[in-house]
Amino acid sequence: MQGKLADITFELLGKGRALAGALGSKVVGVLLGHGARDLAGQMGGADTVLYVDHPALAQFTPDAYERTLSALIKDRQPAVVLMGNTSVGMDLAPGLSAGLGLPLLAYCSDIQVSGGRLVATSKLYGGKVMVEADGGESCLATWLTGSSPADAGRSGGAAAVEDAAAPSMDGLRTRFVNLIQPEAGDVDITREDILVSVGRGIGGQENLEIAEDLAKALGGALSASRPIIDNGWLPKARQVGKSGMTVKPKLYLACGISGAPEHLEGMRDADLIIAINTDPGAPIFDVADYGVVGDIFDILPALTEKVAG
Amino acid sequence: MRIVVPVKQVPDLVEELEIDADGKALNRDWLKFKMNEFDEHALEEALLLKEEYGGEVVVVGLDTGEVDDTLFTALAKGADRAVKIVGDFEAGVTSHGAAKMMAEAIRGMGYDLVLTGVQAVDDLDGQVGPLLAAYLGAPHVSVVSGVAVNGGTARVRKEYAGGVVAEIDVDLPAVLGVQAAQQPPRYAPVSRVRQIMKTASLEEMDAAETADAGMAVRRMFKPESGQRAEMIEGNTGQIVDRLVRILNDKGLLKG
């Protein structure tokens, strides 16, 4: 995106390498773009990289990308097609599955080979339930960001890049118009050392004050999970998670946030994570360093008083 | 303009989810269902588009969970028609299966736009929006947080990580997977929903095909309490004291 390979690409290459080992086959990276052959060269973690160049592929659009990948998959017949469970992956995988008649396993946090069949473990129900499913001998899988180390897919060597032809781009029904950068909010949460972050547990906009007060007392800033922003209670610039910002503060205080995978993606690498939630089963406790099963309406004001006092 | 909004019921995550004795599915005894929250956003966006451009909003749902409530609530919010697809869904319905049945129904009624939630918590085999587009032979864009219509084209805002947004034009008729409506989903008072239940009726259609191959689920399980968190216990005062000590030890408290 925007001239750089995202970390998820390297995660996929690393995981691909492990699967190729188990299947006794090769890892083929795929890059679609226009004037981006250099980037293909950075995918040394793959045995080969297929690069397709076409003006219609300069920016992502579902139509052009789907027909290109469909042609490649039909031609190469891979055992597994690994894509990120990202905005792009979610736009491509289902249509490819339906069009090519290949099973699709989404939200994968692991894939193994068992008896020549692909078995994936998916994280569903807001991260509360794991589902292990059989993908058969050939399938598509979308991979949850952060499920494997990106470094496993980085390689010092340059990739062996093979140019592949683009299919016909006649009659495209989706067209890129332009890219909009995020509005600079009053606060850049990616630069804050301390974030007091609120989720659904805050209940209502009028309650944000208790978190705001604590943030001020700690010299930090207020951030939030997606539902809070969708409700219009805080501006988009404050959103942490898959469709918001990824933050790595010194302290991330998660208040009333359940910890669905889409949120964890945005904060799991914080130095110190403390979570407060009334639900002892909240997935946030799986990534937090310290947890409190308790009521933020009791704890936050008391903590603010102690810190400020 | 006819806007169709496929909606679905999903288990309410507020409840404790239990795995059934078989180990392959959720225990239905304790499940509470609610409308997929992203479908609520799709419905809201559809209603906003109708207010802006005129037309008709049709909600469609498979007869699972407590879909009647969802369909009547949609009517109470301003949808014009509600269609329930009836069939044998006891064994559960995959995204592929649901999309196929929806496509049959939607193709039959004709449409300009299909707006559905970008994803749902039980989408093991992928998201319904793009699947629906594939079965309808329509163009699609997902992860959409803004829609404007101009003649035969919709201009949508597609969200990427880090707050980056792309504007993409899609030829109508098209399918959009909605991440967020342009304003928070409106609220329909219970009294209005009750009133609608008395005066309006749900249209029923038979599912075109009920056999759903289903995903080959080997097992379902709760994640190991990989509870990495060290839990802090006690009364509020004790908890706060401990938290302050932790923050202090890490040098996080201002001098």
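Everything numeric here is computed off the predicted structure, so don't read it as measured data.

The rules behind the values
- Residues numbered from 1 in each chain as written.
- Chains lettered and ligands numbered in written order.
- Predicted model: local features only at pLDDT ≥ 70, side-chain atom pairs only at ≥ 80, totals over all residues.
- Heavy atoms only, no water.
- Salt bridge = Lys/Arg side-chain N within 4 Å of Asp/Glu carboxyl O.
- Helix = DSSP H or I, 4+ residues; strand = E, 2+ residues; numbered from the N terminus.
- Buried < 20%, exposed > 50% of the residue type's maximum accessible area, 1.4 Å probe, protein only.
- Lys, Arg positive; Asp, Glu negative; His and termini not counted.
- Contact = heavy atoms within 4.5 Å.
- Pairing = 2+ DSSP bridges.
- Axes fitted to C-alpha atoms, helices over the stretch in contact; angles between N-to-C directions.
- Polar contact = N/O pair within 3.5 Å; in protein donor to acceptor, adjacent residues only side chain to side chain.

Novice: How would you explain the pattern of salt bridges if you had to name every residue and give the values?
Specialist: Tallied over the full model, the rule gives 39 salt bridges over all chains. The partner of Glu162(A) in a salt bridge is Arg76(A), and the shortest N-O contact between them spans 2.7 Å. Here the residue Glu162(A) occupies a position in strand β8 (residues 161–163), and Arg76(A) occupies one in helix α3 (residues 62–76), the gap between them amounting to 86 residues. For Glu162(A), a relative accessible area of 31% translates into the label partly exposed. With a closest N to O distance of 2.8 Å, Lys8(B) and Asp122(B) form a salt bridge. Linking Lys8(B) in the loop between β1 (2–7) and β2 (9–11) with Asp122(B) in the loop between β6 (113–117) and α4 (128–136), this pair joins segments that are 114 residues apart in sequence. Because the salt bridges share partners, they merge into one network encompassing Arg200(A), Arg226(A), Asp230(A) and Glu37(B).

Novice: Before we move on, can you summarise the side chain of Glu167(B) with the specific residues and values?
Specialist: Among the structural elements, Glu167(B) can be located in strand β9 (residues 165–171). In this structure, Glu167(B) is buried with no salt-bridge partner, the nearest side chain bearing the opposite charge being Arg155(B) at 4.5 Å. Ignoring anything within four residues of it in the chain, the contact list for Glu167(B) reads Arg175(A), Phe176(A), Val177(A), Asn178(A), Ile180(A), Arg155(B), Val156(B) and Arg157(B).

Novice: Residues and numbers for the sheet that holds strand β1 (residues 28–33) of chain A, please.
Specialist: Residues and elements named next belong to chain A. Reading across the sheet, the 3 strands line up as β1-β2-β8 and stay open at both edges, with parallel pairing between neighbours. What marks the edges here is a single partner per strand, and that holds for β1 and β8. Within the sheet, the average angular offset between the axes of one strand and its neighbour, ignoring direction, is 25°. Judged from the 6 bridges that link them, β1 and strand β2 (residues 48–53) form a sheet pairing that is parallel.

Novice: I'd love a proper account of the sheet that holds strand β13 (residues 272–277) of chain A, names of residues and values included.
Specialist: Taken in spatial order, the 6 strands of this open sheet run β11(A)-β10(A)-β12(A)-β13(A)-β14(A)-β13(B), and their pairing is parallel. Edge strands, defined here as strands with exactly one partner in the open sheet, are β11 (221–224) of chain A together with β13 (230–231) of chain B. In this sheet, strand β12 (residues 251–255) of chain A lies alongside strand β10 (residues 194–198) of chain A in parallel orientation, the contact comprising 5 bridges. Paired with Ile194(A) across the strands is Leu251(A), a residue of β12(A). Contacts from helix α5 (residues 208–218) of chain A reach β10, β11 and β12 of chain A within the one sheet, and its direction differs from that of β10(A) by about 175°. Contacting β12, β13 and β14 (290–293) of chain A together with β13 of chain B, helix α6 (residues 236–249) of chain B crosses the sheet at an angle of about 165° to β13(A).

Novice: Describe the interface of chain A and chain B, listing the residues and the values that go with them.
Specialist: On the chain B side, the residues contacting the 79 residues of chain A number 79 residues. Scanning the region where chain A abuts chain B turns up 9 salt bridges. With a closest N to O distance of 2.7 Å, Lys158(B) and Asp91(A) form a salt bridge. Taken together, the connections running from chain A to chain B amount to 37 residue pairs in polar contact (both at pLDDT 80 or more). The leading source of residues in the side of chain A that touches chain B is helix α4 (residues 87–100) of chain A, at 8 residues. In this structure, strand β6 (residues 129–136) of chain A lies alongside strand β12 (residues 216–221) of chain B, joined through 5 bridges in antiparallel fashion. Within β12(B), the residue paired with Glu132(A) across the bridge is Arg219(B).

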